[in-house]
Amino acid sequence: MISTLGHMLILSALVASVFGSVTGLVSGARQNPKGTLWTQRAVYVFAWSMFLANFLMVYALLERDFSVSYVAQVGSHTTPTWVTVVSLWSSLEGSILFWGAIIGFYALIFTLKMRGRYAEYVPYALGVILFVCAFFSVLLAAPANPFAPTQGPIPLDGPGPNPLLQNHILMVIHPPMLYLGYVGMTIPFAIAVAALLRGKLTAGWLKPLRIWTMIPWACLTIGIVLGGWWAYEVLGWGGYWAWDPVENASFLPWLAATGYLHSTVVQERKRMLKVWTLSLVLAAFLLTILGTFMTRSGVFNSVHSFTQSPIGPIFLGFLAFLVVVCVVLLSLRSHLLVDEGKFEVVVSRESAFLLNNILFVVFTFTVLLGTIFPLVNEAIRGEQISVGEPYFDKMAVPIGMMLVFLMGVGPVLPWGRPDPSTVLKRFVFPFSVGLLTCSVCYGMGLRGWMTLATFGLCGFATVVTIWEMFSPTLERMQRRGESFSTALRLSILGGRRRFGGYIVHLGVIAIVVSIGASRSYRKTIEASLTPGQSFQLEEYTFVYEKTTMTKEPNRTSVRAAFNVYKEDSEVGVMVPGLNYYRTQREPIGTPHVKTVDGTDVYLSVLSVEPDGSRVGVKAFVFPLVFLLWWSLPIISLGSVIALWPKRRRTSSAEVIPA
Amino acid sequence: MRIFIVGITLLFVVSSNAAKRGEKDLFENRVSDVVIETPKDVSYQVGLLLRCPVCQGMPIAESPAEMAQSMMTRIRELHKEGKSKDEIIEYFIERYGEWVLLEPKAEGINWLVWIMPPIFLLVGIGALFSYIKSNKPRASRRLDSAISEPDSDDEYLQSVRDDVLS
Amino acid sequence: MNWKIILISVILFGPLFWALAAGFGNDPHAVPFVLEGKKAQDFQLTSLDGKVVRLSDFRGKPVVINFWSTWCEPCKAEHDVLQHFSKTYGTTVQFLGIVYQDQAEAARAYLKNRLNLFPQLQDPNTRVGLDYGVSGVPESFFIDAKGRIRHKQAGVVTPQILVDWLRTLLTEVSSGEGQ
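Colleague: What exactly am I supposed to notice about the overall build of chain A here?
Modeller: Each helix and strand in chain A was counted, giving 21 helices and 10 strands. A compact globule built from 658 residues should have a C-alpha radius of gyration of about 26 Å, and chain A, at 27 Å, falls within 12% of that. With the C-alpha coordinates of chain A rotated into their principal frame, the extents come out at 75 × 70 × 60 Å. In chain A, buried positions account for 56% of the 658 residues. Taking contacts inside chain A between residues at least 6 apart in sequence as the whole, the part at least 24 apart equals 73%.

Colleague: Looking at this structure, how should I read the overall build of chain B?
Modeller: Each helix and strand counted, chain B has 7 helices and 1 strand in total. Ordered by position from the N terminus, the helices and strands of chain B form the series α-β-α-α-α-α-α-α. In chain B, of all internal contacts separated by at least 6 residues, the share reaching a separation of at least 24 is 36%.

Colleague: I'm lost on the interface of chain B and chain A in this one. Help?
Modeller: It is common to report an interface's size as the accessible area lost on association of the parts. Each partner contributes to the interface: chain B provides 58 residues, whereas chain A provides 75 residues. Its residues placed into classes, the side of chain B that touches chain A shows 32 nonpolar, 13 polar and 13 charged. With 3 bridges connecting them, strand β1 (residues 523-529) of chain A and strand β1 (residues 35-37) of chain B associate as antiparallel partners. The residue bridging Glu-526 of chain A from the neighbouring strand is Val-35 of chain B, located in β1 of chain B.

Colleague: Whenever I open this one, the confidence of the model for chain B confuses me. Can you help?
Modeller: Low-pLDDT portions of the prediction should not be read for the details of their coordinates. Residues and elements named next belong to chain B. The pLDDT averaged across chain B works out to 74; a share of 64% of its residues lies at or above 70. Between the elements of chain B, mean pLDDT differs from a low of 41, seen in helix α6 (residues 139-143), to a high of 93, seen in helix α4 (residues 85-96). In the model, residues 1-23 has pLDDT below 50 throughout and makes 6 contacts with residues more than four positions away in sequence or in other chains. Ignoring residues within four places in sequence, the model shows residues 138-153, a span with pLDDT below 50, making 16 contacts including any to other chains.

Colleague: Explanation requested: the interface of chain B and chain C in the structure shown.
Modeller: Across the contact, 12 residues belong to chain B and 13 residues belong to chain C. Top element by residues in the side of chain B that touches chain C is helix α3 (residues 66-80) of chain B. It accounts for 6 residues. In terms of residue class, the side of chain B that touches chain C is made up of 6 nonpolar, 3 polar and 3 charged.

Colleague: When you look at the environment of Ile-2 of chain A in this model, what are you seeing that I'm missing?
Modeller: Residue and element names in this part refer to chain A. Summarising the element assignment, Ile-2 is placed in helix α1 (residues 2-30). Judged by C-beta crowding, with 17 C-beta atoms within 10 Å, Ile-2 ranks as partly exposed. Each residue touching Ile-2, except ones within four places of it in the same chain, is listed here: Leu-56, Ala-60, Asp-65, Val-68 and Phe-147.

Colleague: When you look at the packing of helix α19 (residues 496-520) of chain A against helix α20 (residues 626-643) of chain A in this model, what are you seeing that I'm missing?
Modeller: The description of two packed helices rests on the angle between their axes and on the distance between the axes. Residues and elements named next belong to chain A. Interaxial distance between α19 and α20 falls to 7 Å at its minimum, and their mutual angle equals 170°. The angle between the axes of α19 and α20 places the two elements in the roughly antiparallel class. Partitioned by chemical class, the residues of the contact of α19 with α20 number 15 nonpolar, 7 polar and 2 charged.

Colleague: Sorry if this is basic, but what is going on with the sheet that holds β1 of chain A here?
Modeller: Sheet strands associate in pairs through backbone hydrogen bonding, adopting either a parallel or an antiparallel arrangement. In space, the 5 strands of this open sheet follow the order β8(A)-β9(A)-β10(A)-β1(A)-β1(B), with antiparallel pairing throughout. The open sheet is flanked by β8 (592-596) of chain A together with β1 of chain B, the only strands paired with a single partner. Across the sheet, the mean angle separating the axes of adjacent strands is 15° when strand polarity is ignored. Bridging between β8 of chain A and strand β9 (residues 599-608) of chain A involves 5 bridges; their strand directions are antiparallel. Bridging from a neighbouring strand, Val-596 of chain A pairs with Thr-599 of chain A of β9 of chain A.

Colleague: Hey, could you run me through the packing of helix α10 (residues 203-234) of chain A against helix α11 (residues 245-270) of chain A in this one?
Modeller: All names here are of chain A. The interhelical angle for the contact between α10 and α11, taken along N-to-C directions, is 145°, at an axis separation of 9 Å. Crossing angle aside, the handedness with which α10 passes α11 is left-handed. Facing α10, whose interface residues are Leu-206, Arg-210, Thr-213, Met-214, Trp-217, Leu-220, Thr-221, Ile-224 and Gly-227, α11 presents Glu-247, Ser-250, Phe-251, Pro-253, Trp-254, Ala-257, Tyr-260, Leu-261, Thr-264, Gln-267 and Glu-268. Along the lines of polarity and charge, the residues of the contact of α10 with α11 split into 11 nonpolar, 6 polar and 3 charged.

Colleague: How should I be thinking about the sheet that holds strand β3 (residues 63-68) of chain C in this particular structure?
Modeller: All names here are of chain C. Strand order in this open sheet of 5 strands is β5-β4-β3-β6-β7, and the pairing throughout is mixed. Strands with a single pairing partner mark the edges of an open sheet, and in this sheet they are β5 (120-122) and β7 (149-154). If you compare each strand with its neighbour and ignore which way they point, the axes differ by 20° on average. Direction of pairing for strand β4 (residues 94-99) relative to β5: parallel, over a ladder of 3 bridges. If you follow Gly-97 over to β5, its bridge partner there is Gln-120.

Colleague: Is there a simple way to think about helix α17 (residues 449-480) of chain A in this case?
Modeller: One turn of an α-helix holds 3.6 residues; hence residues three or four places apart share an orientation. All names here are of chain A. With 32 residues, α17 ought to run about 46 Å at 1.5 Å a step, and its terminal C-alpha atoms sit 46 Å apart, in line with that. Its axis deflected by about 40° at Phe-470, α17 carries its strongest bend there, up to four residues before the proline Pro-472. Looking at the residues trailing α17, positive phi occurs at Gly-481, about 70°.

Colleague: Whenever I open this one, the environment of Leu-457 of chain A confuses me. Can you help?
Modeller: Residues and elements named next belong to chain A. Residue position: Leu-457 is located in helix α17. Among the residues examined, Leu-457 registers 26 C-beta atoms within 10 Å and is labelled buried. Residues Leu-457 and Val-513 lie 56 residues apart in sequence; the distance between their C-alpha atoms is 9.7 Å. When sequence neighbours within four positions are dropped, the list of residues in contact with Leu-457 reads Met-401, Val-404, Phe-405, Gly-408 and Gly-434.

Colleague: Hey, could you run me through unusual backbone geometry in this one?
Modeller: Keep in mind that most residues, glycine aside, have a negative phi and that most peptide bonds are trans. Of note, the amide linkage connecting Val-137 of chain C to Pro-138 of chain C takes the cis form, showing an omega dihedral of -5°. Checked against the element boundaries, Pro-138 of chain C lands in the loop between α4 (127-131) and β6 (139-143). A positive phi is found at Trp-243 of chain A, a non-glycine position, where the angle reads about 55°. Position of Trp-243 of chain A relative to the elements: it lies in the loop between α10 and α11.

Colleague: What's the story with the pairing of β9 of chain A in this structure? I'm lost.
Modeller: Regular strands show a simple pattern: their side chains alternate between the two faces of the sheet. All names here are of chain A. Burial runs high along β9: 8 of the 10 residues are buried. Connecting β8 to the next strand, β9, in antiparallel fashion are 2 residues, including Asp-597 with a positive phi near 50°. Direction of pairing for β9 relative to strand β10 (residues 615-623): antiparallel, over a ladder of 9 bridges. Of the residues in β10, the one forming a bridge with Asp-600 is Phe-622. Adjacent in sequence and paired antiparallel, β9 and β10 are bridged by 6 residues, among which Gly-612 carries a positive phi angle near 80°.

Colleague: Looking at this structure, I do not really get the pairing of β1 of chain A. What am I missing?
Modeller: As paired strands, β1 of chain A and β10 of chain A are joined by 7 bridges and run antiparallel to one another. Its bridge partner lying in β10 of chain A, Glu-526 of chain A is registered against Lys-618 of chain A.

What counts, and at which threshold
Residues numbered from 1 in each chain as written. Chains lettered and ligands numbered in written order. Predicted model: local features only at pLDDT ≥ 70, side-chain atom pairs only at ≥ 80, totals over all residues. Helix = DSSP H or I, 4+ residues; strand = E, 2+ residues; numbered from the N terminus. Rg over C-alpha atoms; globule rule 2.2 N^0.38 Å. Buried ≥ 20, exposed ≤ 12 C-beta atoms within 10 Å, placed from the backbone. Contact = placed C-beta atoms within 7 Å. Nonpolar A, V, L, I, M, F, W, Y, C, P; charged D, E, K, R; others polar. Pairing = 2+ DSSP bridges. pLDDT = per-residue confidence, 0-100. Axes fitted to C-alpha atoms, helices over the stretch in contact; angles between N-to-C directions. Parallel < 35°, antiparallel > 145°, perpendicular 65-115°, else oblique. Left-handed = near helix turned anticlockwise from the far one by under 90°. Expected span 1.5 Å × (residues − 1). Bend = angle between axes of the 7 residues up to and from the residue.

Here is the structure:
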């Protein structure tokens, strides 16, 4: 019953998306408003079919209807409700279904927002979006059909989703965030392709391109950081980023999109770099498809990858098709997208932006190279090799440091033709703050020149960023005699994007500092204890008290209680544990993390005797990890400010029906 | 004066803590059989380079799997026996092949993975320079004009100023 | 047509797609086996019943070493096969079991009511497991009379594999004696 209904919804989504992509592209070419109307209707049908299909699947999961193959695969009577709902995206077929709902959501909002505007481009954009939707609908209709009826006898109970996903509440928001980022890149892609198909890129069309890139970009950023948080809280080893192929898959589009967000500033201001900027948008989307392929083809080995499936070659074919289309479009249209602005001198704000773009592209290339290099090697030499964390760290650290450096240099450099001596003068203060940061850190006993240099660069970039954030306010106060609060409010309102962008920069600096500190100054200790015994790491003392065991329907969890002291004062009780799921031998840990004066004390159980008579633990000390999670509200705030819509009065002027 | 008060408070805090310590000796039952590791330790550095065979692309130094733990123990033993970093790595390569190494040795085709990124960066910077050069308007014409529009360094600042001056 | 863009794209994407396409059919989880033909590392381990066993004790006849544990279902499935073969081949082939990352207690309890014809050894810290490049259980190693590792069976060992390898190894022994 549910199977049939679900399959019908998928088919209706398929029909709507195929129909809409044809009408969209045709009416774009003919500039036919009637066709546009039909395309919009197709979007509504597609979106609602996908929403309903997703609701239906959630219903089937909650009802534990094992006659649906996907439910039989990931459902279980013993899992708690939230895990059951989350199971929607815990396995291959369901995740593609969820993908459909998200793209439906984006397409719906995009269509509604664009109604009656940009008539020249919108049908093309909708056509492209629906084309991508059609591909995923095809996947859902046959090779990855989540609604397929269960083969053979209907089981009474299922295995439940992967225990790793049942272990932490972050699994409720991390994957949707990542999906919002990933899937959302389809919209800027469609906008860019529409510009290429139309053969022109007016200032008016740049605005939706920017906004619709920023939204998924922000979601992707948050999703990636949340993924790190999840790993930190669940995997039990204090790691938050392992350069795993699937993590790289989410990082690659982020890098390209970040590059775009910077190059678009130059593009809008100087009317230059049109082809380049569009290429970055296209690349960001293509990389999301590559990432989806990497996660689902069974070609890459990863904690996060889904099981091997036959859809790999289909995905690769789709990706190849998209690449060919993009390349051909770019090469056919490049002569139409002429740069209007001119470069003036080598040392200017423009060139800082360009260098930043080169770095982002090199970064993307490096991560991609490292990720696929084992495949290259195996194809050529027939030998298996690995490319992992140490390689990526060696490559990413210098590139990252150069980017932080530019983060400080760029805003100081004026646009156009700056006067060298004025420029140099502007650097004096931030540079001395950077040096001061270095020496203070050195004075505090911190060593390791790379880490110190990173901190120095971060100090430098922070000063510049904060100065740039508030200089318009000061300017207003000085010239107009406004009070600080009025000046601040008006200057933020007048330069939302700029102000928000700098807040995001601060969030990124927080991440860099946190990574530098927690990797360079980590300390660990392993010990095996009986109740009453203690061990010491740095100034922290851990006293083992007792172990408790609780049986839950889907797992048995064991918690070991420790009293933790810093020097002689009590920090509190920490209760790390292990969870035994019936479907898996290796237990999954629940480490306990406490932030004490900016340093994370991280306690993880390695092994435990059932009666609690002996427990093996590993304790970690990670300085400044909390900054990594603090970057989340900072980056979110920055993005919201940058995206905050202007009042109608001003916005009406910007909507140039091109 | 204020410093003095802070000092007094600190003294009080310290002494009260000392009293607490007297009540309950935390250190009487300290276990001595522990393994402490920092990024400076050879075992950690080697452990970061080796791939855990039962996990997924993770270094053994950062994996909770039992296998990874055994490998870490082995590294510590070998290190205690006086083996160098390279010898320890070689020990694992003999048993698990080059696969176990998380950063490919810079030899043969693997050179590519090491030199391509820097080459790409240099090419990028080169392209950037040639782009700027080709884009530059005839400098001679511009030289005598104002070197920069001193106040036009920022669109927004400029608009603030215009706003203010108007 | 801007041929520069096309050329750059072909250079960039050509190798990418070639590598990705070449990746199909690879098993990304496979751990390579590099010890084939190498000398088997000697070891001295204590069996579950307290006897000390050395690999070198069995020089001159083929040895089959089976890594297993009680938490591994396929290992349990192949238990009877291995015992049966041990019985059939008697003293011509030495079978050894090594308990991999498991409690000795659990292993003893498991073996208590089962056929148990050959030594089952404990491997503290997986020391021998590492020497043999074990990457999971079950794994079975076929070692010839001269003490070289000839084959590793990752995963369940079937009667057919056992028959084939033991026949090969035993033929070598008898032809070696004939010379």
